[in-house]
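Single-letter residue listing:
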Amino acid sequence: MSKKCINCGKKISFLEDYFTLPNQGESFCKECGTIAKHLLSDIMTAVSDKSYEKAKQTFEEAMPQAALSDEAKKYIKYEFEDIAASIPGAAQTKKQNAKTFNGSFSVCCDAILNAGKTVSGNDPVAPMQIVRFPLANNGDYYFVTTVFECYFMRTGSYASLTVTLIWCPQLIKKGKAIVSAVGSGGGTGMFNISWGAEDDFTQAFWRALRDQNPEFEIKEYSESFLDMGIEFIHRPFFADETAKESGSRTGESAPKQTNRIGILGGTFDPVHIGHVSLGTAAISEANLEKLIVVPAYIQPFKQGKRVTDDEHRVAMTRLAFENIPKSEISTLEIDRMRISYTFDTLSELKKQYPNKELFFITGTDSFMQVDSWYKGVELLENFSFIVSSRPGYMEDELNEKIKSYQALYGTQILKLAAQMPDISSTDIREAYRKGESISSMVPEAVERYIIENGLYE
């Protein structure tokens, strides 16, 4: 799959040299990569407190003058911090993976939930557990834990992320959250090796927390909480007691069942992990009762283009979603054997589910043009939408379009917080024809099907 330079936006071909930030996954073209590598050269060779401090000073002096975009500098800063945290004996490792940020208790809990759901694609595996400890000087100290789980297709392994939050309003005026995130996991099969999936999970959580909450000043935590002169009362008050007082998420049960059905359409030639991620994010964030995945017969915008046989596209889609709860595959469009218009499909499904609210799931590019689709205005007036977005990509334009559609047509529109992988079926087909690996772009079962049936050769 082709890459783009995060600094200049240049498309990087498969044959070109480029530089990738190991922990962040962002890529630079050869020219911009030279600047990025120079900024990180000292921290990459640091081995002690002394060399770390020197590298940090050099980095902070050089960053403002570097000919890089603010976005590129942000990720280089994250990379510096992640590398520093792995230096044996260096100051960063003494902080034991703990960070702090400021905010109200509710805001801090929401930040953790949103970041965890973004990187896992699901709600926590159990409701957030909150315990309140009264303090001797008429304050409260909250201890919060939650766990997220994720299956990493590229490694065939599961990973868990345990996030712990300690919040105390007495530390500073607004309250300070002390957060720790620790990943654990294992692979499947003979060797039970996770290939670092738990570390990737943890790093992704911190990136999501930083990216989604730019107002937070997230810092490494270096002080001992128990050395701050806080005196505790010996008896704790537990989650059920806190729930009565707060009336919020403490002690909450699972979200109530909704009457929402999501419809995810596409050519799926082939279906890939981006489609699966979009579907699972919609199920989780919109609390869908059901996700209906609809392979298209012929999409209006793809008339005249060669498309893989229907039976193969349906089979691959079934394999991709077979382990996704609440999902089902519909051949409604293929069975009609005519051009697949979204309005016609949703109208037919509305007859099948007259008492349900139907949400069409789409990406930013398509959503921006909905009113120009076949019966686009009627579509907006009669159905709801779930929209995925990419951080930094047309965010302002998307928000304005959402407001416009809502004002003009009264459309209910939900914007997903989860970040979708930047993958296209075209890139997958091209990579496969060139003999390149597509294992990181499609579910394992789909890759096997492609190989066994000789598709895209």
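This structure is a prediction, so every number in the text was calculated from the model and none was measured.

Another aspect to go through is the overall build of the chain. Scanning the chain from terminus to terminus reveals 15 helices and 16 strands. Expressed as a percentage of the 457 residues in the chain, the buried residues total 47%. Roughly 23100 Å² of accessible area belongs to the chain as shown, and the carbon and sulfur atoms make up 49% of that amount.

It is worth spelling out the pairing of strand β14 (residues 357-363) at this point. For β14, a buried count of five out of seven residues is recorded, marking the element as mostly surrounded by other parts of the structure. Sheet topology places β14 next to strand β15 (residues 384-388); five bridges connect them, and they run parallel. Residue pairing in the sheet places Ile 361 in a bridge with Ile 386 of β15.

So, on to the packing of aromatic side chains. Tallying each qualifying case throughout the model produces ten aromatic pairs. Centroid distance Phe 360 to Phe 385: 6.3 Å. Interplanar angle 80°. Geometry classified as edge-to-face. Highlighted residues: Phe 360 in strand β14 and Phe 385 in strand β15, separated in sequence by 25 residues. The pair formed by Phe 360 and Phe 385 is uniform in burial state, with each residue classed as buried. Between Phe 367 and Tyr 405, the aromatic rings sit 5.2 Å apart at their centres with planes inclined by 80°, giving edge-to-face as the arrangement. Linking Phe 367 in helix α11 (residues 364-367) with Tyr 405 in helix α13 (residues 395-409), this pair joins segments that are 38 residues apart in sequence. Judged by relative accessible area, Phe 367 falls into the buried class, the value being 0%. Three or more aromatic residues joined by ring pairs form one cluster here, namely Phe 360, Phe 367, Trp 373, Phe 385, Tyr 405 and Tyr 409. If you follow Arg 210 out to its NZ or CZ, it ends over the ring of Tyr 78, 3.5 Å from the centre.

In this structure, Leu 291, Met 316, Phe 321, Ile 386, Ile 438 and Ile 450 are the most contacted members of the largest nonpolar core, which totals 36 residues. When contributions to this core are tallied by element, the ones reaching two or more residues are α7 (273-285), β12 (290-295), α8 (310-321), β14, α14 (425-433) and α15 (444-452). Residue contributions to this core peak at six residues, all from α7. In contact with Leu 291, other than residues within four places in its own chain, are Gly 262, Leu 264, Gly 279, Ile 283, Phe 321, Lys 326, Ser 327, Glu 328 and Ile 361. Formed by 28 residues, the second largest nonpolar core is a distinct cluster that contains Ile 130, Val 144, Val 163 and Ile 218.

Next up on the list: the environment of Leu 416. Secondary-structure assignment places Leu 416 in the loop between β16 (413-415) and α14. On the accessibility criterion, Leu 416 (5% relative accessible area) is buried. Spatially, the C-alpha atom of Leu 416 lies 7.2 Å from that of Ala 281, the residues being 135 residues apart in sequence. If sequence neighbours within four positions are ignored, Leu 416 has contacts with Leu 278, Ala 281, Ala 282, Glu 285, Ile 386, Val 387, Ser 388 and Ser 389.

Strand order in the open sheet made by the six strands is β13-β12-β11-β14-β15-β16, with parallel pairing throughout. This sheet does not close on itself; its edge strands, each paired only once, are β13 (327-329) and β16. Strand after strand, the sheet turns through a mean of 25° between neighbouring axes, direction not considered. The sheet contacts of α13 involve β15 and β16, and relative to β16 the element is tilted by about 165°.

This paragraph deals with the environment of His 38. Mapped onto the fold, His 38 is located in helix α1 (residues 30-44). Note on His 38: relative accessible area 60%, which makes it exposed. Separated by 24 residues in sequence, His 38 and Ala 62 place their C-alpha atoms 9.5 Å apart.

What follows deals with the state of the cysteines. All told, the structure shown has zero disulfides when counted by the stated rule. In this structure Cys 8 is a free cysteine whose sulfur lies 3.6 Å from that of Cys 5, the closest cysteine sulfur available. Classification of Cys 8 as partly exposed rests on a relative accessible area of 45%. This cysteine, Cys 32, is not joined by any disulfide, and Cys 29 carries the nearest cysteine sulfur, 3.6 Å off.

A word on a negative patch on the surface. Taken together, Glu 395, Asp 396, Glu 397 and Glu 400 make up a surface patch of like negative charges. Mapped onto the elements, Asp 396 comes out in helix α13.

Counting through the fold element by element, Asn 7 comes out in the loop between β1 (3-4) and β2 (11-12). Side-chain polar atoms of Asn 7 contact the backbone nitrogen of Ser 69, separated by 2.6 Å. Here Asn 7 is in contact with Phe 28, Cys 32, Ala 67, Leu 68, Ser 69 and Ala 72, once residues within four sequence places are set aside.

Once that is clear, we can look at the pattern of salt bridges. Close approach of charged atoms allows side chains of opposite charge to pair. Tallied over the entire structure, the rule returns seven salt bridges. Lys 74 is the salt-bridge partner of Asp 211, the closest N and O atoms lying 3.6 Å from each other. Taken together, the residues Asp 211 in helix α5 (residues 197-212) and Lys 74 in helix α3 (residues 70-84) connect sequence positions 137 residues apart. With relative accessibility at 27%, the residue Lys 74 sits in the partly exposed group. With a closest N to O distance of 3.5 Å, Lys 290 and Glu 328 form a salt bridge. In this pair, Lys 290 is assigned in strand β12 and Glu 328 in strand β13, connecting sequence segments 38 residues apart. The structure contains a network of salt bridges with shared partners spanning Glu 71, Lys 74 and Asp 211.

Cut-offs applied
- Residues numbered from 1 in each chain as written.
- Predicted model: local features only at pLDDT ≥ 70, side-chain atom pairs only at ≥ 80, totals over all residues.
- Heavy atoms only, no water.
- Helix = DSSP H or I, 4+ residues; strand = E, 2+ residues; numbered from the N terminus.
- Buried < 20%, exposed > 50% of the residue type's maximum accessible area, 1.4 Å probe, protein only.
- Areas by Shrake-Rupley, 256 points an atom, 1.4 Å probe, with all protein chains shown as cover.
- Pairing = 2+ DSSP bridges.
- Phe/Tyr/Trp six-rings, centres within 6.5 Å; stacked < 30°, edge-to-face > 60°.
- Lys NZ or Arg CZ within 6 Å of the ring centre and 35° of its normal.
- Core = buried A, V, L, I, M, F, W, Y, C linked by side-chain atoms within 4.5 Å.
- Contact = heavy atoms within 4.5 Å.
- Axes fitted to C-alpha atoms, helices over the stretch in contact; angles between N-to-C directions.
- Disulfide = S-S within 2.5 Å.
- Patch = residues over 30% accessible without salt bridge, like charges linked within 9 Å, V, L, I, M, F, W, Y side chains within 5 Å.
- Salt bridge = Lys/Arg side-chain N within 4 Å of Asp/Glu carboxyl O.
- Lys, Arg positive; Asp, Glu negative; His and termini not counted.
- Charge placed at Lys NZ, Arg CZ, Asp CG, Glu CD.
- Polar contact = N/O pair within 3.5 Å; in protein donor to acceptor, adjacent residues only side chain to side chain.

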